[in-house]
There are 2 protein chains.
Amino acid sequence: LLTCVANPVMMKTGNFPSDVVEHAKLILAHCGGGNCGAYSQSVGVEIIRKHVAEFIKRDGFPCDYENVTLSGGASESIRNVLKLFIRHDKEKKPGVMVPIPQYPLYSASIEEFGLGQVGYFLEEETNWSLAEEELERSYQNSLKEFDTKVLVVINPGNPTGQVLSRDNIETIIKFAHKHHLFLMADEVYQDNVYAPGSKFYSFKKVINEMGAPYNQMELASFHSVSKGFMGECGLRGGYVELFNIDPEVFVLFKKMISAKLCSTILGQVIMDALVNPPKPGEPSYDQWIKERTAVLQSLKERATLVKEAYGSIEGISCNEVQGAMYAFPQIKLPQRAIDKARSINQEPDFFYAMQLLEATGVCVVPGSGFGQKKGTYHFRTTILPQTEMMKDMLTRFKDFHAKFMKEYS
Amino acid sequence: LLTCVANPVMMKTGNFPSDVVEHAKLILAHCGGGNCGAYSQSVGVEIIRKHVAEFIKRDGFPCDYENVTLSGGASESIRNVLKLFIRHDKEKKPGVMVPIPQYPLYSASIEEFGLGQVGYFLEEETNWSLAEEELERSYQNSLKEFDTKVLVVINPGNPTGQVLSRDNIETIIKFAHKHHLFLMADEVYQDNVYAPGSKFYSFKKVINEMGAPYNQMELASFHSVSKGFMGECGLRGGYVELFNIDPEVFVLFKKMISAKLCSTILGQVIMDALVNPPKPGEPSYDQWIKERTAVLQSLKERATLVKEAYGSIEGISCNEVQGAMYAFPQIKLPQRAIDKARSINQEPDFFYAMQLLEATGVCVVPGSGFGQKKGTYHFRTTILPQTEMMKDMLTRFKDFHAKFMKEYS
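Remember, it's a predicted structure, so these values are computed and weren't measured experimentally.

K.L.:
Go over the overall build of chain A, please, and point to the residues and values.
P.N.:
When helices and strands are tallied, chain A shows 15 helices and 12 strands. Rg of the C-alpha trace for chain A: 23 Å, near the compact-globule value of 22 Å for 409 residues, within the 12% margin. Seen through its principal axes, chain A has C-alpha atoms that stretch 70 × 55 × 35 Å. Within chain A, the fraction of its 409 residues that count as buried is 59%. Of the contacts formed within chain A by residues at least 6 apart in sequence, a portion of 71% connects residues at least 24 apart.

This is how it looks when you write it as structure tokens:
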């Protein structure tokens, strides 16, 4: 699809499946000048936004394409929505509740925009679920310093790999409603759900199923081509659906993003490929379903492999990787290793990760980069390497870990 | 090149010139996983940054590729550089000097980032040149309200179409040096120079030729694939070179942009096509030089056509379109037209543009959107329509204008 849109001459001469050619022609007919080289509207090409809206209707509820904005990856949309809460005229900074651990986009953007980061801890003991008491504690505690306005939920979780249950999502929605919090649902890993019994529920769906007054809450939902079975992160495609947003605010939102002109047309096209894939009976359907299934099945196997491998190592515990692309195992570091790290002014998990890297070439990210409960130590690792490489890596990891524990015990 | 990078299978089977295939292979060898689907470094793909640095050396001075950052169009880089000046801890806002008229990216971003817009007027009488006295007046006047730190120059000009002379650039550099201003040189129209006697000089080149102390000034230079002979604005490719920037500030700059991950790889690839085109003797050179020459020649003809056409209409004056893609003619509106506009709460040039649109279907942008001296009225028009369409448009325009003047005189 990308090739056909980028190169209409080749679309005619190349041997592309007819449904792909038709799809490309439809998109090009809605691009300025009939090609991908012109600016689109700042919110994105209209036909692509309509296809996104059709995709979102899988939730069983209406979706107006006017509420859909395309962007260069979901991260651009996330940053655009966070910007809506910038205020410099109040004594207290607007507070944004984010999970701990969380990936650095939120902490970096919150800091950049002069907002206040309000961390709530995920419960490692219950596979990184969200406990209402912890949300309440975090919120109440934040009010001393911040005017807390936003609740960010990442589902499936990055770096923690959990998939929220429907019950858990209801609890979160009720909590947000009680405190008039704007909900940001980061759902970029929605296609990456592996664990038996786990299922992805969008916040939009649950809010609507709960009925009034919850279905009148303001909600921003994000999705991306960078994850899932595509993983086309270098092409920069993403969207946000703004649901129940105040019309006056929405006008300002659109005005604000117009200063950036538009997101890349080819990134928008890849988003169309994600939300509007080949249908059964179409020439390219078989290949699509085959590739999609193979990628997701392989990720599922690796999710199991990672959990089992880390779980079998003494001194390491690892939750089930229910979804997303990561594991966030906990390391029980010996006191001598902690002391050694502190003596050279390093976080203990950073020290561990650097030793691992130097001894084995295996690179993991220290948990301190994502946040963790005090006195606990973690690292983030990914399930993305191919199975054979992963097995080799795990062997090297086990050897290193045994030696490390022996040295510092 | 884009097709080959986006679709390596097609690169092998398609009938592409060998130099294009080699170029694509070189880029892919420097992309993560050997394809365009992975993130690059936040600053951009290294080999592309090296090609940009080679391109910049046309100025006759060194360029370190480490100083080059790729972005989604030049506008993203312009916004990133402006962000460096955000401060909320001082009583006075940091001031940014921008030309009046100027296109809305600057005014919108300055407002969004809580900076202060300091307008300096371009001299319409001397073909939109920059007068030192006006820069000085604007700067001194701004200090009451702002802590003015930055001078933006757009050369060739948008919407005014002027190309600064080398002398004029020297004057501007001396002025910026005197007041310790950070220079932002928006040079995205550098390939669009049409007028006999006009030539593009980059600020980087002039600063270096002037020698010490000017060659130690901090300077940000911007370029884009959206203009020139390519006009591939929908693909989002741009760069900034940060010259003489404080190393500590540069570290923070790179940290800040890393929250956005990276700009689209395919936009970066198009930038490579711009800065690293086919060389004489290579298979695709002839086609490239032919297309490039034809586009630029045609734009040059239309630049002349527009100036002559508007200049021949009574009540309209139009400067020479020395460069860029726009004309910004002045309309001498009759007092009755001005009164009529005010009576319905419209800017007079907005009223004129709306009347024109409704009567003829011709769309121009009112000058009030770009800023203009009080009591003068302009509109921005572009030289982009094909010659035949332009001639038809000019006929309709003349008819309308004559009727309008008659009605309101």
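K.L.:
Talk me through the domain arrangement of chain A; I want residue IDs and the actual numbers.
P.N.:
Residue and element names in this part refer to chain A. Taken domain by domain, chain A comprises domain 1 (39-275) and domain 2 (286-408). Taken over C-alpha atoms, the centre of domain 1 sits 27 Å from the centre of domain 2. Of the roughly 2400 Å² buried at the junction of domain 1 and domain 2 (both faces included), carbon and sulfur atoms supply 54%. For the interface between domain 1 and domain 2, the tally reads zero salt bridges. Scanning the region where domain 1 abuts domain 2 turns up 15 residue pairs in polar contact (both at pLDDT 80 or more). Counted by class, the side of domain 1 that touches domain 2 contains 16 nonpolar, 10 polar and five charged residues.

K.L.:
Explain helix H3 (residues 18-29) of chain A to me, and be specific about the residues and the numbers.
P.N.:
All names here are of chain A. For H3, which comprises 12 residues, the first-to-last C-alpha distance of 16 Å matches the rise-based estimate of 16 Å (1.5 Å per residue) to within 8%. Along H3, the positions that sit buried rather than exposed are Asp19, Val20, Val21, His23, Ala24, Ile27 and Leu28. Buried residues along H3 sit against helix H1 (2-6), helix H2 (8-13), helix H4 (46-56) and helix H11 (265-275).

K.L.:
Which residues make up the side chain of Lys260 of chain B, and what are the values?
P.N.:
You can see Lys260 of chain B is positioned in the loop between helix H10 (247-258) and helix H11 (265-275). Of note is the side chain of Lys260 of chain B, whose polar atom sits 2.9 Å from the side chain of Asn80 of chain B. When neighbours within four sequence positions are excluded, Lys260 of chain B is seen to be in contact with Ser75, Arg79 and Arg236 of chain A together with Glu76, Asn80 and Lys83 of chain B.

K.L.:
Got a sec to walk through helix H15 (residues 387-408) of chain A? Specific residues and values, please.
P.N.:
Residues and elements named next belong to chain A. Between the first and last C-alpha of H15 there are 31 Å, a value that for 22 residues agrees with the 32 Å anticipated at 1.5 Å per step. Those residues of H15 that fall on the buried side of the exposure criterion are Met390, Met393, Leu394, Phe397, Phe400, His401, Phe404, Met405 and Tyr408. Projection of H15 onto a plane perpendicular to its axis shows the buried side chains occupying an angular sector of 140°, all on one side. For H15, the exposed residues lying more than 90 degrees away from the buried face are Glu388, Lys403 and Lys406. Where H15 is buried, its residues meet helix H12 (285-311), strand E8 (316-317), strand E10 (330-331), helix H13 (335-343), helix H14 (348-360) and strand E12 (377-382).

K.L.:
Just give me the short version of empty space enclosed by the protein, but keep the residues and values in it.
P.N.:
According to the stated counting rule, one finds seven cavities of 30 Å³ or more in the structure shown. Within this model, the largest cavity holds a volume of roughly 380 Å³. For the largest cavity, the lining is made up of 22 residues, of which Gly72, Glu76 and Lys260 of chain A together with Glu76 and Lys260 of chain B are closest to its centre. Only helix H5 (73-83) of chain A together with helix H5 (73-83) of chain B provide two or more residues apiece to the lining of the largest cavity. Here the lining of the largest cavity is built from residues that sort into two nonpolar, 10 polar and 10 charged.

Analysis parameters
Residues numbered from 1 in each chain as written. Chains lettered and ligands numbered in written order. Predicted model: local features only at pLDDT ≥ 70, side-chain atom pairs only at ≥ 80, totals over all residues. Heavy atoms only, no water. Helix = DSSP H or I, 4+ residues; strand = E, 2+ residues; numbered from the N terminus. Rg over C-alpha atoms; globule rule 2.2 N^0.38 Å. Buried < 20%, exposed > 50% of the residue type's maximum accessible area, 1.4 Å probe, protein only. Contact = heavy atoms within 4.5 Å. Domains from an automatic or database assignment. Buried area = accessible area lost by both parts, 1.4 Å probe. Salt bridge = Lys/Arg side-chain N within 4 Å of Asp/Glu carboxyl O. Polar contact = N/O pair within 3.5 Å; in protein donor to acceptor, adjacent residues only side chain to side chain. Nonpolar A, V, L, I, M, F, W, Y, C, P; charged D, E, K, R; others polar. Expected span 1.5 Å × (residues − 1). Arc of directions from axis to C-beta. 1 Å grid on protein atoms, 1.4 Å probe; cavity = no way out; pocket = protein on both sides within 12 Å on 5 of 7 lines; lining within 4 Å. Points joined across faces, edges and corners; volume = space filled by probe spheres on them.

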